[in-house]
Each structure stands twice: as C-alpha cells, then as structure tokens.
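Structure at a glance
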Amino acid sequence: MTTLKAKLRDDLTDAIRARDELRSSTLRLTLAAVSKEEVAGTTARELSDDEVQKVIAREAKKRREAADAFSKGGRAEQAERELAEGVLLDEYLPKQLSDAELEAIVAEAVAEAKAAGAEGPRAMGAVMKIVNPKVAGRAEGGRVAAAVKRLLAG
C-alpha cells in the first residue's frame, strides 16, 4: 500500500474514533474514489502516491465546483460543507504555487519556447509542454493556461 493511501486510511480511523463526521465521510469518499481508480481498466493495480494525489486533487476540484453550484443555487449550508471538504482534502496535496511563483515559471517557459522559435498564440502548446511538468500537482490547469495566454499576448 502506498504511503499516501495508508495515511488516508489511518486518518479515517482516527476521524471515526473522534466521531468527526465531516472528516470521516470525506475520507471515505476519497478512498472509494482511489479504489475505483485502482480497479478501472482491464486489470486491477495499486496506484502510486502520485496517482493517489491526482485522485485527491480531482476530488478537491469536484468539491469546489459543487460549492460554487450550491452557492449559485441559494443553498449556502450545502456550499459551506462542500468548501469544508475541499479544504480538508487540500491538506493531502502539495502546497499550491502562488500567482507570482506561477508567473515566474511561465515567463521562463515562454522565453524558452521563443528561443526555440515558437511565437505568438500558436506557441501555447509548446509553452504548456514545458510548464506542465514543472507545476504538476501544484497549480490547476486552468490557472496555468490563463497565465500562459496572458504572457503570450504580451
């Protein structure tokens, strides 16, 4: 069992013992998503820590989107719970890059792509190929794409 998955299970046990309903239900759903991912495809396999981290990030993003939908629908109490679950899941993810850090990484990648001959908005793919490995798991794709577009536009 991977260390991150083991930590999730241990934290679930602790949450159940402490009768922390929010934490226990969130961790149960996350572990279920991890298990579902493990049996998806043609053969069952154990996920690596990086893959478990991607599942947690996906679950956290779902919580943020649900919270947004609930708040737009006038269900503030449900939105608060979804936000709380998202914050709880963020504890298991690497620290997110600040806007300034992301901007610096993207600027470096844009310069690298321009040196390789990529210019203008068509360079988006080349820049994203350079940036994505550097920010993997530390910034959402939408934030990265917006920063790249902003810097390529001038």
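Residues numbered from 1 in each chain as written. Predicted model: local features only at pLDDT ≥ 70, side-chain atom pairs only at ≥ 80, totals over all residues. Heavy atoms only, no water.

Our focus in this paragraph is the layout of surface pockets. Considered as a void within the structure, the largest pocket measures approximately 450 Å³ in volume. Taken together, 18 residues line the largest pocket, and the ones lying closest to its centre are Gln53, Ala57, Gly137, Arg138 and Ala139. The element that contributes the greatest number of residues to the lining of the largest pocket is helix H3 (residues 49-72), accounting for eight residues. The residue makeup of the lining of the largest pocket, split by class, is six nonpolar, three polar and nine charged. Per-domain counts for the lining of the largest pocket show at least three residues from each of domain 1 (3-91) and domain 2 (99-153). (1 Å grid on protein atoms, 1.4 Å probe; cavity = no way out; pocket = protein on both sides within 12 Å on 5 of 7 lines; lining within 4 Å. Points joined across faces, edges and corners; volume = space filled by probe spheres on them. Helix = DSSP H or I, 4+ residues; strand = E, 2+ residues; numbered from the N terminus. Nonpolar A, V, L, I, M, F, W, Y, C, P; charged D, E, K, R; others polar. Domains from an automatic or database assignment.)

This part is about the domain arrangement of the protein. Accessible area lost during the coming together of the parts is what is often quoted as the interface size. In terms of domains, the protein is made up of domain 1 (3-91) and domain 2 (99-153). Computed over C-alpha atoms only, the centres of domain 1 and domain 2 are separated by 29 Å.

Here we take up the pattern of salt bridges. Evaluated as defined, the whole model comprises 17 salt bridges. Across the pair arginine 63 and glutamate 59 runs a salt bridge whose closest N-O atoms are separated by 3.0 Å. A residue pair is termed a helical-turn pair when its members lie 3 or 4 positions apart in one helix, as arginine 63 and glutamate 59 do in helix H3 at four residues. Its relative accessible area of 6% is what places arginine 63 among the buried residues. Residue classification places glutamate 59 among the buried positions, given a relative accessible area of 7%. The salt bridge partner of aspartate 99 is arginine 143, with a shortest N-O separation of 3.0 Å. In this pair, aspartate 99 is assigned in helix H5 (residues 99-115) and arginine 143 in helix H7 (residues 141-153), connecting sequence segments 44 residues apart. The structure contains a network of salt bridges with shared partners spanning Glu21, Glu59, Lys62, Arg63, Arg81, Glu82 and Glu85. (Salt bridge = Lys/Arg side-chain N within 4 Å of Asp/Glu carboxyl O. Buried < 20%, exposed > 50% of the residue type's maximum accessible area, 1.4 Å probe, protein only.)

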